[in-house]
Amino acid sequence: FTPHPRGRTTHTTTMKAFATIMLVANLATLASGFVAPRSSLLSARTSAPRGARASVHMNSLLDFVDGTGESYGPIGSLYRQGPVPLFIRLFQPEKYEMSVTQYMAKEDVDRNQAQGNMDAYFADPNGWALEKMSGKDRDYYKIGTDPQQMILTTVWGGGITSLLLWIFLVRIPARMAAQHM
């Protein structure tokens, strides 16, 4: 490492710059998730009354989470049941797809219901099995899709992610660099 005029190393300065860029990118991504494409915002503004504009915006947010209609995407899994089903879906797609297909055939349900159940199973297998054995028939497809809850979840998730990035990319390297001086 080369010494910095103020006593810091260039590595620490580089890490702080990288962390700042990551934080700004994370916040920009979060903010852009709440904005509909420009053309649809203009058409909603000119053709819909005030209350309907909010409905159009929430529907576009739900479409983003729900996917194509016959199934929902990985972000839908994240909002409904958290990170465990998301990681299984991303890193073990064959296991996820096989589970959903088998559940569809066994229970004679559509793909959305099967995905909701398998996401719940991957998030908490014991709780899911207990609910199935007790005869409770929850609609796992609709869990976590309330627009207000989705916004709250996104804001909290973005804040926690930003905080963790700041801690691990700025604070810890700065303390380590200070200890080595």
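Peer 1: Please clarify how the packing of aromatic side chains should be interpreted in this entry.
Peer 2: To describe a pair of aromatic rings, one takes the distance between the centres and the angle between the planes. If you walk through the whole model with that rule in mind, you get six aromatic pairs. Through a chain of ring-to-ring contacts, the aromatic side chains of Tyr96, Tyr103, Tyr121, Phe122 and Trp128 assemble into a single cluster. The ring of Tyr72 has Arg80 lying over it, and the distance from NZ or CZ to the ring centre is 3.8 Å.

Peer 1: Sorry, what's going on with a nonpolar patch on the surface here?
Peer 2: Among the surface-exposed residues, Leu152, Trp156, Ile160, Leu163, Leu164, Trp166, Phe168, Ile172 and Met176 lie close enough to one another that they form a single nonpolar patch of about 900 Å² accessible area. The residue Ile160 is located in helix H9 (residues 147–179) in this model. Since its relative accessible area comes to 41%, Ile160 is described here as partly exposed.

Peer 1: I tried to follow helix H4 (residues 74–81) on my own but got confused; where do I start?
Peer 2: An α-helical turn contains 3.6 residues, so any two residues separated by three or four positions project in the same direction. Taken residue by residue, H4 has Gly76, Ser77, Tyr79 and Arg80 as its buried positions. Where H4 terminates, the next one or two residues include Gly82, which has phi positive at roughly 100°.

Peer 1: Honestly, the packing of helix H5 (residues 83–91) against helix H6 (residues 93–107) in this entry has me stumped. Any pointers?
Peer 2: Two quantities define a packed helix pair, namely the angle between the axes and the distance from one axis to the other. For the pair H5 and H6, interaxial distance at closest approach is 5 Å and the crossing angle is 110°. On the basis of their axis angle, the class for H5 and H6 is roughly perpendicular. Facing H5, whose interface residues are Ile88, Arg89, Leu90 and Phe91, H6 presents Pro93, Lys95 and Tyr96. Of the residues that constitute the contact of H5 with H6, the class distribution is five nonpolar, no polar and two charged.

How each quantity is defined
Residues numbered from 1 in each chain as written. Predicted model: local features only at pLDDT ≥ 70, side-chain atom pairs only at ≥ 80, totals over all residues. Heavy atoms only, no water. Phe/Tyr/Trp six-rings, centres within 6.5 Å; stacked < 30°, edge-to-face > 60°. Lys NZ or Arg CZ within 6 Å of the ring centre and 35° of its normal. Patch = residues over 30% accessible without salt bridge, like charges linked within 9 Å, V, L, I, M, F, W, Y side chains within 5 Å. Areas by Shrake-Rupley, 256 points an atom, 1.4 Å probe, with all protein chains shown as cover. Salt bridge = Lys/Arg side-chain N within 4 Å of Asp/Glu carboxyl O. Helix = DSSP H or I, 4+ residues; strand = E, 2+ residues; numbered from the N terminus. Buried < 20%, exposed > 50% of the residue type's maximum accessible area, 1.4 Å probe, protein only. Axes fitted to C-alpha atoms, helices over the stretch in contact; angles between N-to-C directions. Parallel < 35°, antiparallel > 145°, perpendicular 65-115°, else oblique. Contact = heavy atoms within 4.5 Å. Nonpolar A, V, L, I, M, F, W, Y, C, P; charged D, E, K, R; others polar.

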